[in-house]
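Summary of the model geometry
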Amino acid sequence: MASCAIHGGCPSDYVAVAIAIFSMILLILRSILPFLIHKVLTAKGSAFWIPVIQVIASLNFLLSIVMSVNFLKYKKSHWLLSCYVWAVWVEGPLGFGLMMSCRIAQAFQLYYVFVKRRLPPIRSHIFLPLILLPWIAGAAFIHVKKPLNYRCHMGNYWIIPVVCLHALYVAVLFRFTGAIRHIEFRFDELRDLRQGILVSASLIGVWVSAYILNEVHDNISWLQVASRFLLLFTASILALVLFSISISQPLLSQISFRKREPIEFKTMGQALGIPDSGLLLQREQAVVIDPNEPLDKLLLNKRFRQSFMAFADSCLAGESMHFFEEVYELGKISIDDPVRRIYMARHVINKYIIAGAVMEVNISHRVRQEILTTSDLTHPDLFTNALNELMQLMKMNLAKAYWSSIYFIKFKEEARDGTDDRI
């Protein structure tokens, strides 16, 4: 017991490592299976790369504990295996610090979008490094002072500031959660966030206790073995719990592996329960279309809109029509329902407006910035200028080609058949 307590390789060590590996596999599967099984489009921007960074940080966190707390027998002769690489840099700024910073960045976005009703003033790729700076500064300071011994343990007076730094980030996450507690989220983000934070706080409390015991009582063999097992076990659960907290992605939040028949929504409008979203009702009859009428008036007819959208998609230019469709759906939501309007507006911005979006539309820089810097995401005219610009483009290009296309001929035949049936 004494030998493996110092050098690693106890049976409980291998059990803890196996649990950590299993947790890593579950974490990776949990992050990619919704996209593979449910064919959900990959998001762009922070909605994509923050969860990816969090998965990487979680893996770093678990691997750093395995490498620095003497679970396995190996010689730390190479500098890449040193305590300062794994116990300081990988566990701190690249592990726990980065993992908590990702959650804070997501809570920061929820706060600004749903409480302030505007996009965050600081982009996530700037905000995340800023809140990570204390971890980087702390790791650099420890690296310079070199307080770690050959077992990667530091002196007792170093433990308090290290534990306080861990607790600070948990407190900040609690603070942002408290700031959005009055918002009636449609997809139970607040409930999931609270549950996740409570479980995480409890696990972090156990993890910190095990960390202190492992650092302070390094002369008690059985306590070293038990504390490092608890250290890696709680870290494995913590990584899964933190990633599983809802991040306000409605189309993904409806996907649950616990449901035998998951609810599938093809559009955000359906996910938000917008009336008649994505449906072609039988009572909406095909009508004869006059090409001389304004295009924006013709597009109010859903049958014509779907025909025109199919033609635009066949020309690989359907972004403008899909944008029109979703903004039209947004217009169905009452101005007295700000939460659903914010969900829809943010979805439209992420899908069509931001640079590099999945279906980025061709609008002027001025109009794009007006939308991205708006002070009210619920404003009824938020996308009006963008719609006007796109309508002019469609009139000059798609509309002229549509009138002579097979899609319009088919639409006229369906309208004629519908008229004959009514007679």
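Because the structure is predicted, anything quoted here is derived from the model rather than measured. (Residues numbered from 1 in each chain as written. Predicted model: local features only at pLDDT ≥ 70, side-chain atom pairs only at ≥ 80, totals over all residues. Heavy atoms only, no water.)

**Here we look at the overall build of the protein**
Formally: Secondary structure elements are defined from DSSP: runs of H or I of at least 4 residues count as helices, runs of E of at least 2 residues count as strands, and each element is numbered from the N terminus. Note on exposure labels: buried denotes an accessible area under 20% of the residue type's maximum, exposed denotes more than 50%, and partly exposed covers the range between, all computed with a 1.4 Å probe on protein chains only. The contact criterion used is simple: two residues touch if any of their non-hydrogen atoms lie within 4.5 Å. For the accessible areas, the method is Shrake-Rupley and the probe is 1.4 Å, while residue cover comes only from the protein chains on display.
Of the regular secondary structure elements, the protein holds 19 helices and 0 strands. Scored against the burial criterion, the 423 residues of the protein give a buried share of 46%. Across the protein, every contact between residues at least 6 apart in sequence was considered, and the portion connecting residues at least 24 apart equals 72%. Summed over its atoms, the accessible surface of the protein is roughly 21,100 Å², and 62% of this surface lies on carbon and sulfur atoms.

**Looking at the side chain of Thr374**
Relative to the elements of secondary structure, Thr374 occurs in the loop between α16 (365-372) and α17 (384-396). According to the relative accessible area criterion, Thr374 is buried, its value standing at 12%. Ignoring sequence-local partners within four residues, the contact set of Thr374 consists of Arg118 and Leu382.

**Focus: the packing of helix α13 (residues 302-314) against helix α14 (residues 319-330)**
What counts, and what does not: A fitted line through C-alpha atoms serves as each axis, taken over the contacting stretch for helices, and the angle formed by two N-to-C directions is quoted from 0 to 180°. Each angle gets one of four labels, with under 35 degrees taken as roughly parallel, over 145 as roughly antiparallel, 65 to 115 as roughly perpendicular, and the rest as oblique.
The interhelical angle for the contact between α13 and α14, taken along N-to-C directions, is 150 degrees, at an axis separation of 9 Å. Judged on the interaxial angle alone, α14 and α13 are roughly antiparallel. Of the residues in α14, those in contact with Lys302, Arg305, Phe308, Met309, Ala312 and Asp313 of α13 are Met321, His322, Phe324, Glu325, Tyr328 and Glu329.

**Some words on the side chain of Gln54**
The topology assignment puts Gln54 in helix α3 (residues 46-68). Discounting chain neighbours no more than four positions away, the residues touching Gln54 are Met99, Cys102, Arg103, Gln106, Leu242 and Phe243.

**What to know about the environment of Ile159**
Examined against the element boundaries, Ile159 turns out to sit in helix α7 (residues 156-179). Sequence-wise, Ile159 and Ile212 are 53 residues apart; in three dimensions their C-alpha atoms are separated by 7.2 Å. Ignoring any residue separated from it by four or fewer positions in sequence, one finds Ile159 in contact with Met154, Ile212, Glu215 and Val216.

**Describing the pattern of salt bridges**
For clarity, the threshold we go by: In what follows, salt bridge is the name for a side-chain nitrogen of Lys or Arg lying within 4 Å of a carboxyl oxygen of Asp or Glu.
In the structure shown here, the tally under the stated rule is 8 salt bridges. We note a salt bridge from Glu293 to Lys297, for which the minimum N-O separation is 4.0 Å. Its relative accessible area of 31% is what places Glu293 among the partly exposed residues.

**Section: the packing of aromatic side chains**
This is how it is decided: Pairing of aromatic side chains requires ring centres within 6.5 Å, counting the rings of Phe and Tyr and the six-membered ring of Trp. Pairs whose planes differ by under 30 degrees are stacked, by over 60 edge-to-face, and all others tilted.
All told, the structure shown has 27 aromatic pairs when counted by the stated rule. Between Phe311 and Tyr402 the ring centres are 5.6 Å apart and the planes differ by 65 degrees, which places this aromatic pair in the edge-to-face class. Placement of the pair is Phe311 in helix α13 and Tyr402 in helix α18 (residues 398-402), with a sequence separation of 91 residues. Summarising the burial analysis for this pair, Phe311 and Tyr402 share the class buried. Between Phe323 and Phe383, the aromatic rings sit 5.8 Å apart at their centres with planes inclined by 85 degrees, giving edge-to-face as the arrangement. Highlighted residues: Phe323 in helix α14 and Phe383 in the loop between α16 and α17, separated in sequence by 60 residues. In this structure Phe323 comes out as buried when scored by relative accessible area, which is 0%. Taking the relative accessible area as the measure of exposure, Phe383 reaches 2% and is therefore buried. One aromatic cluster is present, built from ring pairs that chain together Phe304, Phe308, Phe311, Tyr402, Trp403, Tyr407, Phe408 and Phe411.

**Observations concerning α16**
Note that an α-helix has 3.6 residues per turn; residues three or four places apart therefore point the same way. Defined as follows: This arc corresponds to the set of directions leading from the helix axis out to the C-beta atoms.
Turning to α16, its buried residues are Val367, Arg368 and Ile371. The buried residues of α16 occupy an angular sector of 100 degrees when projected down its axis, which confines them to one face. Across α16 from its buried face, at more than 90 degrees, point the exposed residues His365 and Arg366. Where α16 is buried, its residues meet α15 (338-353) and α17.

**Here we look at unusual backbone geometry**
With phi around 60 degrees, Arg117 is a residue other than glycine that occupies positive phi space. Its location among the elements puts Arg117 in the loop between α5 (92-115) and α6 (124-145).

**Here's the deal with α14**
Keep this limit in mind: One less than the number of residues in a helix, times 1.5 Å, gives the span that helix is expected to have.
Between the first and last C-alpha of α14 there are 16 Å, a value that for 12 residues agrees with the 16 Å anticipated at 1.5 Å per step. Counting buried positions over the 12 residues of α14 gives 9, a clear majority of the element. Looking only at α14, the buried set comprises Ser320, Met321, Phe323, Phe324, Glu325, Glu326, Val327, Glu329 and Leu330. On the buried face of α14, the contacting elements are α11 (268-271), α13, α15 and α17.

**Some remarks on the nonpolar core**
Stated formally: Buried residues of nine kinds, namely Ala, Val, Leu, Ile, Met, Phe, Trp, Tyr and Cys, make up a nonpolar core once their side-chain atoms join them within 4.5 Å.
Among the nonpolar cores identified, the biggest contains 56 residues, and Phe61, Ile65, Phe71, Phe96, Met100, Leu232 and Leu238 are the most heavily contacted of them. Only α2 (11-37), α3, α4 (83-90), α5, α6, α7, α8 (189-216) and α9 (221-244) provide two or more residues apiece to this core. Take this core: its biggest share by element is 10 residues, from α5. The contacts of Met100, once residues within four sequence positions are left out, are Tyr169, Val170, Leu173, Ile204 and Leu242. Of all hydrophobic cores here, the second largest spans 35 residues; its members include Leu119, Met268, Ala345 and Ile371.

**As for the environment of Ala271**
With respect to the helices and strands, Ala271 occurs in helix α11. Linking Ala271 and Met344, residues 73 residues apart in sequence, is a C-alpha distance of 9.8 Å.

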